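# Per-entry structural report
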Amino acid sequence: MTAVANSPVREIISSIHTDLFIDGRWSPAASGDRFDVLNPATGERLAQVADADTADARRAIETAAAHQAGWAATSPRNRSEILYRAYQLIIDRADEIASVMTAEMGKPFAEARGEVAYGAEFFRWFAEEAVRIGGDHTTTGDGGHRIVVSRQPVGPCILITPWNFPLAMGTRKIGPAVAAGCTMVLKPAELTPLTTLLLADILVEAGLPAGVLNVVTTSDPSTVVTEWMDSGLARKISFTGSTEVGKILLRQAAGTVMRTSMELGGNAPFIVCADADIPRAVDGLMVAKMRNTGQACTAANRVFVHRSVIDEFTEAFAAKMSALKVGDGAAEGTQVGPLVEPKAVGKVAALVDDAVAKGAQIVCGGSPIEGPGSFYPPTVLTGVGLDADLVHTEIFGPVAAIIPFGDAQNPLDPAADDEVVTLANDTQWGLVAYLFSQDVDRCARLSAALEAGMVGVNTGLVSNPAAPFGGVKESGLGREGGRVGIEEFLDMKYTASPIRP
């Protein structure tokens, strides 16, 4: 691959440290090896970053463990102020960070800038939570003992972030760990490490002490993470990624009975009831489906539309999808960027071909866009059968599969609600569900029946730092964000002492 052509983003990227960040210092991998980071819109090389091995991984986790006691002893106000400073630095450098994100993972610049604002909010939110870590005090029923309940940092944490939201997934994990007083080893996705390396530099500027955050980049994540999991030094792992990898990590975590937070896969249903506000539902699906070019665990995967409104809905939605501008995320006016790598295009194309072979019809899109770059067009499929592969897996691309439900001649039949809930819940995952209806009672009833950790009612966006993000079933364990987010990084201790007469 050739290096990316001269551009402002090249100058930004050339200023980013691309070595390992351990104990407050940037250093090459022990082996000296490096791996390429590519621009998915062009296939060109952006940078080469350090490629860590087990020796580097061991050094990082030992560093985190060595600094744990000192970091835990710092005041909550000190930790809060570091996060506030980091929040402001991210906001001040929003365009710079967004440019790097667009270059390494492809999302349009405007959307990348939105992620910067979203990601920064996790630092501000947990800066506020750092000084609100509480406890409890009571007396035993017999009056003989005083009970004091306190919360303490769980200890060194393993943080593993995905490629699709390289800033926000970092801040969503680092923020509560810093606020709680935990040291960290962090492995960013090998496809998008540059944003994380830039974030590490920002935290140094904000005053985070050496050894609290240690960032290890690698093209061999299994080797590095296994070294951490087996070290006996880590006390918690927070992982965002596939359910398959999450299950492996859970098995490994059992070896040392490690605390776990798992934000895993999704297969989100998007339900359009007969009484839905159709323009609003269309706009909601555009957000729920096309955020990050469909490459999100929260993306609407199965679109269930009542037969009485399916033609109206499909026509309006397909018109909006067809009008989207596809291209390099750095180009002005681009609304849909590339998929993250060529094999992602192959996966999406195979899912669409399978659905069509089983009876689905293509309304728009439906075949890969010729390179350079890893592009697939916004695609709408109707008449999708429940036997299609894309109904039972994460599409992770700009493809909307529309599936009918209900009786077109009897739109008010309550049996349609039962039918669509059964269809929506027929999956191993349960991260998020979306529901559009103008009937308040129906919204309440269906929301309660849907097996999901989050439900968007008449909205296509559920992510917010103030809310507890997470799922049920095979979509994961624990919650990130909200008031409970910091609890994932705290242990509860109870101290009993006798009350003398």
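We now turn to the structure provided with this report. (Residues numbered from 1 in each chain as written. Predicted model: local features only at pLDDT ≥ 70, side-chain atom pairs only at ≥ 80, totals over all residues. Heavy atoms only, no water.)

## A look at the nonpolar core
Core analysis: the largest hydrophobic core is formed by 103 residues, its most contacted members being Ile174, Leu194 and Leu390. A per-element tally of this core places helix α5 (residues 109–130) first, with 10 residues. In this structure, Ala268, Val272, Val305 and Ala318 belong to the second largest nonpolar core, which totals 34 residues. (Core = buried A, V, L, I, M, F, W, Y, C linked by side-chain atoms within 4.5 Å. Buried < 20%, exposed > 50% of the residue type's maximum accessible area, 1.4 Å probe, protein only. Helix = DSSP H or I, 4+ residues; strand = E, 2+ residues; numbered from the N terminus.)

## Points about the sheet that holds strand β22 (residues 490–498)
Ordered by their spatial adjacency, 3 strands build an open sheet running β5-β6-β22, and the pairing between neighbours is antiparallel. Looking along the sheet, the strands with just one partner apiece sit at the ends: β5 (136–139) and β22. Shown here is a sheet whose adjacent strand axes are inclined to one another by a mean of 20°, direction ignored. Note: strand β6 (residues 145–153) against β22, 9 bridges, orientation antiparallel. Following the sheet pairing, Gln152 is matched in β22 by Asp491. (Pairing = 2+ DSSP bridges. Axes fitted to C-alpha atoms, helices over the stretch in contact; angles between N-to-C directions.)

## Description of the pairing of β5
Relative to β6, β5 runs antiparallel, the two sharing 4 bridges. Within β6, the residue paired with Asp136 across the bridge is Val149. Two successive antiparallel strands, β5 and β6, enclose a turn made up of 5 residues, where Gly143 displays a positive phi of approximately 75°.

## Here's the deal with the sheet that holds strand β19 (residues 454–457)
Taken in spatial order, the 7 strands line up as β14-β15-β16-β13-β12-β18-β19 in an open sheet, and their pairing is mixed. At either margin of the open sheet sits one strand with a lone partner, and together these are β14 (361–364) and β19. Each strand axis lies, on average, 25° off the axis of its neighbour in the sheet, ignoring direction. Of the pairings in the sheet, the one linking strand β15 (residues 379–382) to strand β16 (residues 399–405) comprises 3 bridges and is parallel in character. Bridge assignment links Thr379 to a residue of β16, and that residue is Val399. Across the sheet, helix α11 (residues 310–322) touches β12 (268–272), β13 (300–306), β14, β15 and β16, and the angle it forms with β16 is around 175°. (Contact = heavy atoms within 4.5 Å.)

These values are about where atoms sit, not about what they do.
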